[in-house]
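Working through the structure, step by step
Listed below, chain by chain, are the residues.
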Amino acid sequence: MKVLVVGGGGREHALVWKIAQSPKVSNIYCAPGNAGISEQATVVPIKASDLNGLLDFALKEAIDFTVVGPEDPLTQGIVDLFESKGLFIFGANKKAAEIEGSKAFAKELMKKYRIPTAVYEIFDQRSEAVGYIRKQGAPIVVKADGLAAGKGVIICKTVEEAIQSVDQIMVEKIFGEAGRRVVIEEYLVGEEASFLAFTDGKVILPMASSQDHKPIFDGDEGPNTGGMGAYSPAPVVTEEVHERIIEKILRPLIYGLKEEGKTYKGVLYAGLMIHEGHPKVLEFNARFGDPETQPVLMRMKGDIIPILEACMKGTLSQHRIEWDPRPCVCVVMASKGYPGDYERGKVIKGLKEISRMEGLFVFHAGTGLKDGELITNGGRVLGVTGLGEDIPRAIERTYQAVKKISWEGVHYRTDIGQKALCWL
Ligand code: AMP
Ligand code: GLY
C-alpha cells in the first residue's frame with residue numbers, strides 16, 4: 001500500500017514513523033515533510049495547504065491512503081476533495097472539522113448537547129463584548145473565533161486587559177478574519193490534559209491520555225506556543241475521569257455532530273481542564289495534537305493502519321489498542337525567539353551520538369539540510385521523546401539525550417513532566 005502523509009512537523013514525523021512499521025505499507029510519501037522525515041519517507045515539496053497540488057500528486061502516484069496531520073487542509077476540505085475523486089483519506093471532513101475551525105460553533109454545540117465547558121458568550125460587536133466583560137469581571141478569557149495558529153486565546157487578569165484584547169482582535173484585527181467574532185468565557189482553574197480518540201462516527205476508541213506544556217518558559221511562564229513538550233499518560237486522567245470524558249464529553253459530541261449532519265470520522269482531540277475529578281472542555285481539535293502525538297504513538301502497540309482505515313470505513317468496533325505501560329516524555333527543542341520571530345539555518349549537533357539510545361526517538365519538526373548538514377528550519381525544531389520504566393526515569397532518559405543536542409540559541413523547557421511527579 002502506498003501512503004501519503006500531509007504535513008511537515010513533529011506530529012507528522014511521528015505518524016510517518018508509526019505508519020512505516022505497518023506490514024501493509026510498501027511506500028510512504030510525505031508532503032512537505034522535513035529532514036528527519038526524509039529518512040523514512042519520500043518527501044514531496046508540496047505545501048499542506050496546496051489542496052490541488054496534493055490531489056494531483058495522489059492521483060498521479062496512485063496513492064492508496066492519505067493521512068492528514070494539520071488543521072488547515074482539514075478545515076479547507078481536503079477530505080471532501082479527495083473523496084470526491086474516489087481517493088481514500090483519513091481525517092475529518094470540512095463540516096466536521098468546524099469543531100476546530102470555529103470556536104463559536106464548538107461552544108454552541110457544547111451548550112446544545114450539555115457538554116461541560118466554560119460559561120461564555122459570543123460577540124460580533126465590540127461594544128457588546130466590552131459590556132459583557134464589565135459585567136463578568138476578571139479573570140476572563142478572550143478568544144478569536146477562527147483559526148489563529150494556536151495564538152488566538154488571551155487569558156486576561158484584569159477587565160482593562162480583556163477590553164484591550166477585544167480591541168486587538170476586533171479593531172486592530174491582529175488575527176485577521178479569525179477575529180471577526182470573539183468568544184468571551186469564564187476562566188477555568190484546574191489541571192489540563194489532552195485526550196485524543198479515534199472515531200468512525202459511532203464508536204469511540206480512546207488513545208492514551210497526555211499532557212501538553214503550552215507556555216514557552218519553565219513554570220508555565222511567558223507566551224503560549226504550539227506546545228513545548230508533552231507526556232503520556234497524564235495521571236490527572238484517572239480511571240474515573242477517563243469514564244467521565246467518554247460519557248459526558250465524547251459520546252454527546254459524536255451524537256451531537258451526527259444530529260447536526262456533520263458525522264465525524266477521524267481523530268478527535270479534546271483539550272480539557274480537570275478540576276476535582278471533573279473535566280471541562282477548553283477546545284476541540286479535528287486532528288492529532290502536536291507534540292502529544294509523539295509520546296502517545298511511542299506507546300501505541302500494533303499496526304496503526306487498520307485503525308485509521310476502520311475510522312473511515314465505519315468498522316472501528318472491531319478494533320482495540322494496546323498501550324505500552326511505560327510512560328513517555330517528549331521535550332521540544334526550539335529556535336531562539338520562538339514563538340515570536342526566530343532564527344533559522346543553525347547547524348544542529350549531537351544527534352548521531354544518541355541515535356542508538358534504546359527507547360528514545362528524536363522526531364523532527366522544523367529541520368532542513370544544507371550542504372549535507374542538518375540545520376534548524378522552524379520554531380519548534382526537534383521533539384526528543386523517551387520511554388522509561390516510570391515517569392522519573394522517562395524524564396531522566398529524555399533530558400540525557402536533550403543535553404547532548406545543541407545549536408546556537410537553542411531553547412527548551414527543563415521542567416517537562418514535573419506536573420506528573422506531583423501525582424506519585
Ligand atoms: P485553547 O487554544 O482554547 O486550548 O487555549 C489555549 C490555552 O489557553 C489552553 O491550553 C489553556 O491553558 C488556556 N485556556 C483556554 N481557555 C481557558 C479558560 N476558559 N480558562 C482557563 N484557561 C484557558
Ligand atoms: N499541542 C496542542 C495542539 O496540538 O493543539
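It should be emphasised that the depicted structure is a prediction, and the values quoted were computed from it without experimental measurement. (Residues numbered from 1 in each chain as written. Chains lettered and ligands numbered in written order. Predicted model: local features only at pLDDT ≥ 70, side-chain atom pairs only at ≥ 80, totals over all residues. Heavy atoms only, no water.)

This next bit is on the overall build of the protein. Across its full length, the protein carries 14 helices and 22 strands. Expected size for 424 residues packed as a compact globule is a radius of gyration near 22 Å; at 21 Å, the protein falls within 12% of this value. Along the first, second and third principal axes, the C-alpha atoms of the protein reach 60 × 45 × 40 Å. Per-residue burial over the protein gives 58% buried out of 424 residues. Here the contacts in the protein between residues at least 6 apart in sequence split such that 69% fall between residues at least 24 apart. Of the roughly 17,700 Å² of accessible surface on the protein, 48% is carried by carbon and sulfur atoms. One way to put it: in the protein the 52 positive side-chain charges average out to a point 2 Å from where the 56 negative ones average out. (Helix = DSSP H or I, 4+ residues; strand = E, 2+ residues; numbered from the N terminus. Rg over C-alpha atoms; globule rule 2.2 N^0.38 Å. Buried < 20%, exposed > 50% of the residue type's maximum accessible area, 1.4 Å probe, protein only. Contact = heavy atoms within 4.5 Å. Areas by Shrake-Rupley, 256 points an atom, 1.4 Å probe, with all protein chains shown as cover. Lys, Arg positive; Asp, Glu negative; His and termini not counted. Charge placed at Lys NZ, Arg CZ, Asp CG, Glu CD.)

Around ligand 1, a shell composed of 16 residues is seen, among which Glu 185, Glu 186, Leu 188, Glu 192 and Glu 283 lie nearest. Lys 143 is positioned such that a nitrogen or oxygen atom in its side chain is 3.0 Å from a nitrogen atom of ligand 1. Glu 192 places a polar side-chain atom, nitrogen or oxygen, 2.3 Å from an oxygen atom of ligand 1. Contributing elements (two or more residues each) for the shell around ligand 1: strand S7 (140-144), strand S8 (153-156), strand S9 (182-186) and strand S17 (278-285). Of the residues assigned to the shell around ligand 1, the class counts are eight nonpolar, one polar and seven charged. (Near = heavy atom within 4 Å. Polar contact = N/O pair within 3.5 Å; in protein donor to acceptor, adjacent residues only side chain to side chain. Nonpolar A, V, L, I, M, F, W, Y, C, P; charged D, E, K, R; others polar.)

A word on the site of ligand 2. In the vicinity of ligand 2, the contacting residues are Asp 212, Lys 214, Gly 226, Tyr 269, Asn 285, Arg 287, Gly 289, Asp 290, Pro 291 and Glu 292. One of the side-chain nitrogen or oxygen atoms of Asp 212 is found 2.7 Å away from a nitrogen atom of ligand 2. A distance of 2.8 Å separates a nitrogen atom of ligand 2 from a polar side-chain atom of Glu 292. Split into classes, the residues belonging to the shell around ligand 2 amount to two nonpolar, three polar and five charged.

Running from N to C, helix H7 (residues 126-136) and helix H8 (residues 159-171) cross one another at 160 degrees; their axes reach a closest spacing of 10 Å. One way to sum up the angle between H7 and H8 is to call them roughly antiparallel. As H7 packs across H8, the resulting crossing turns out to be right-handed. Mapping the contact onto sequence places Arg 126, Ala 129, Val 130, Ile 133 and Arg 134 in H7 and Val 159, Ala 162, Ile 163, Val 166, Asp 167, Met 170 and Val 171 in H8. Looking at the contact of H7 with H8, its residues break down into nine nonpolar, no polar and three charged. (Axes fitted to C-alpha atoms, helices over the stretch in contact; angles between N-to-C directions. Parallel < 35°, antiparallel > 145°, perpendicular 65-115°, else oblique. Left-handed = near helix turned anticlockwise from the far one by under 90°.)

The next thing to look at is the sheet that holds strand S12 (residues 211-212). The pairing of strands in a sheet happens through backbone hydrogen bonds and is either parallel or antiparallel. Overall, antiparallel pairing links the five strands, which are arranged S12-S15-S18-S22-S19 in an open sheet. Single-partner strands in this sheet number two, and they are S12 and strand S19 (360-364). Bridge analysis of strand S15 (residues 229-232) against strand S18 (residues 328-334) gives four bridges, and the strand direction is antiparallel. Residue pairing across strands places Gly 229 opposite Val 331, the latter belonging to S18. (Pairing = 2+ DSSP bridges.)

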